[in-house]
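A closer look at the structure
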Amino acid sequence: MSFYKKECLRSLFPVYFWLIAFKLALDASYVFVLADNFRDVGYAMDFNVFRYISSWFLYCILFYYVKANFVVIMDYFSITAIVSLVSPLLVLYGLDHNRPFFPVFISILSFLVVLGTYGLLTRNSFYFKLRRIKHGKNYAILFSSAFVIYLLIWYPLSGVTYNISFSDVYDFRRQNNAISNFGFLAYLNFWILKVFSVFVLAYSLLKKKYFVSLAMIFVFVSYYAANTHKSVLFTPFLVLCIWFYFSRYSKLYIFPMAMFFLMLASIMSYKYLGDVWLSALFPNRVFLIPAHLTFLYFDFFSVNDYLFYSNSFLSSYIEYPYDKPLSYLIGDYSGTPGAAANNGYVSTGYAQGGVIVCLVYSFFIGMLLFIIDRVILSNQIPSWFVLALFVVPMRDFLINIDLLTTILTGGMFWTIILVYLSREKSSLR
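1. Some points on the packing of helix α7 (residues 184-206) against helix α8 (residues 210-227)
For the pair α7 and α8, the least separation of the axes is 8 Å and the interaxial angle reads 160°. Taken together, the axis directions place α7 and α8 in an arrangement best described as roughly antiparallel. The hand of the α7/α8 crossing is left-handed. The segment α7 lies against α8, with Ile192, Leu193, Ser197, Val198, Val200, Leu201, Ser204 and Leu205 engaging Tyr210, Val212, Ser213, Met216, Phe220, Tyr223 and Asn227. Split by residue class, the contact of α7 with α8 holds 11 nonpolar, 4 polar and no charged.

Next comes the structure, spelled out in structure tokens:
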């Protein structure tokens with residue numbers, strides 16, 4: 001037993017090391033680059049030793065919930081939530097004494113509720129067994145491929161202007177969106193980009209159909225040229241990285257290690273080239289802007305009315321209390337009128353109904369992850385394949401989009417359907 005514990009600690013050490021290195025790099029990026037160059041965002045340096053030490057204490061406590069190896073989606077979710085959701089909050093909290101503790105506390109509590117729900121369901125061996133649909137895998141391939149082909153045809157027919165330059169994307173985005181994404185097509189096209197195209201690419205990699213995989217990369221490039229959202233261009237490379245690494249290896253330290261080198265590259269780019277582009281893209285946009293918005297959401301709705309879903313499915317029963325959609329409301333509050341300040345499930349849950357909704361969201365995330373992982377643990381589908389399908393929706397509800405929006409209009413519902421359709425015959429273990 002003692003040998004087992006020693007081996008566990010040895011296997012976890014690289015994860016702990018790179019988690020610490022990542023946060024140090026994110027701290028350094030904030031101190032040396034962002035606090036001065038992006039002051040208009042709302043960043044400030046107000047250092048307090050006790051505050052900074054306490055931020056590290058909270059961060060290191062969460063290491064207890066990290067796994068060394070990727071076996072199920074919960075393993076990846078845990079380290080992703082710590083790196084993408086909690087760590088940036090702790091950076092701002094630890095380096096700016098004016099930041100309140102409450103958003104940090106609720107975010108950590110929500111994370112723990114996800115883990116607790118998942119653990120409770122697992123310990124009680126609770127599961128339900130869904131019957132496999134005959135030829136379900138063929139249906140999934142057929143429908144996904146048909147949708148991919150449809151969008152390839154629809155974009156030129158709609159009259160969009162194709163553009164591949166990063167610097168010009170905003171010049172074409174509004175126009176292209178208006179003529180290609182309207183009515184139900186706004187949802188369908190989004191699902192194709194986020195779900196069905198990813199499924200075709202991942203499945204072609206699973207079956208070693210590398211010509212199809214290469215073709216799908218060009219498909220994504222054409223989608224990006226028409227859609228002009230950079231995330232569309234990065235998605236296939238994210239899927240390729242997941243396939244290449246997790247189909248061969250299982251060590252999870254690769255994620256914080258990769259993020260550390262991105263932070264380091266952004267700092268070096270600023271120090272030696274005087275360029276803030278990398279800093280604006282990675283430490284700022286990917287990590288600290290969502291954290292900053294979390295503080296703003298909590299600040300605004302701590303003194304203003306909650307929405308209680310008056311902006312969605314309860315709009316017929318509850319009057320919406322504001323004159324602008326939620327994201328634009330917070331955009332105005334942040335001092336950037338006209339900007340859409342979207343954020344993840346903790347912030348949007350708090351906006352809808354306070355702490356209670358945050359915790360209810362967390363309960364559903366834990367239950368959802370448990371259901372997904374049952375498929376993997378029954379040896380019905382490779383874990384890397386499921387991760388490739390869920391990695392984008394997971395990041396969406398963590399830092400970009402409300403949980404219900406991610407599940408329904410964001411496409412995660414269809415992701416779950418495709419996973420269950422793609423199951424191989426196996427018995428639950």
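2. Quick look at the packing of aromatic side chains
Summed over all chains, the structure comprises 52 aromatic pairs. Taken together, a centroid distance of 6.2 Å and an interplanar angle of 75° make the contact between Tyr118 and Phe370 edge-to-face. One end of the pair, Tyr118, is in helix α4 (residues 102-123); the other, Phe370, is in helix α14 (residues 355-377), with 252 residues separating them in the sequence. The class of Tyr118 is buried, set by a relative accessible area of 12%.

3. A word on the environment of Ala68
With respect to the element layout, Ala68 can be found in the loop between α2 (49-61) and α3 (73-95). Owing to a relative accessible area of 8%, Ala68 belongs among the buried residues under this scheme. A C-alpha to C-alpha distance of 28 Å links Ala68 and Lys208, two positions 140 residues apart in sequence. If near-sequence neighbours (up to four positions away) are discounted, Ala68 is found in contact with Ser11, Leu12, Val15, Ser250, Lys251 and Leu252.

4. Some points on the confidence of the model for the chain
Reading fine detail from the predicted coordinates is not recommended where pLDDT is low. Confidence along the chain averages 90 in pLDDT terms, with 95% of residues attaining 70 or more. Note on residues 1-7: pLDDT is under 50 here. Beyond four places in sequence and across chains, it has 0 contacts.

5. Quick look at the pattern of salt bridges
Any two side chains of opposite charge can pair, so long as their charged atoms come close to each other. Under the counting rule described, the total for this entry stands at 6 salt bridges. Residue Asp75 pairs with Lys67 through a salt bridge whose shortest N-O separation is 3.8 Å. Asp75 gets classed as buried once you look at its relative accessible area, which sits at 7%. Assessed through its relative accessible area of 45%, Lys67 is described here as partly exposed. With a closest N to O distance of 3.4 Å, Asp96 and Arg99 form a salt bridge. The exposure class assigned to Arg99 is buried, which follows from its relative accessible area of 7%.

The rules behind the values
- Residues numbered from 1 in each chain as written.
- Predicted model: local features only at pLDDT ≥ 70, side-chain atom pairs only at ≥ 80, totals over all residues.
- Heavy atoms only, no water.
- Axes fitted to C-alpha atoms, helices over the stretch in contact; angles between N-to-C directions.
- Helix = DSSP H or I, 4+ residues; strand = E, 2+ residues; numbered from the N terminus.
- Parallel < 35°, antiparallel > 145°, perpendicular 65-115°, else oblique.
- Left-handed = near helix turned anticlockwise from the far one by under 90°.
- Contact = heavy atoms within 4.5 Å.
- Nonpolar A, V, L, I, M, F, W, Y, C, P; charged D, E, K, R; others polar.
- Phe/Tyr/Trp six-rings, centres within 6.5 Å; stacked < 30°, edge-to-face > 60°.
- Buried < 20%, exposed > 50% of the residue type's maximum accessible area, 1.4 Å probe, protein only.
- pLDDT = per-residue confidence, 0-100.
- Salt bridge = Lys/Arg side-chain N within 4 Å of Asp/Glu carboxyl O.

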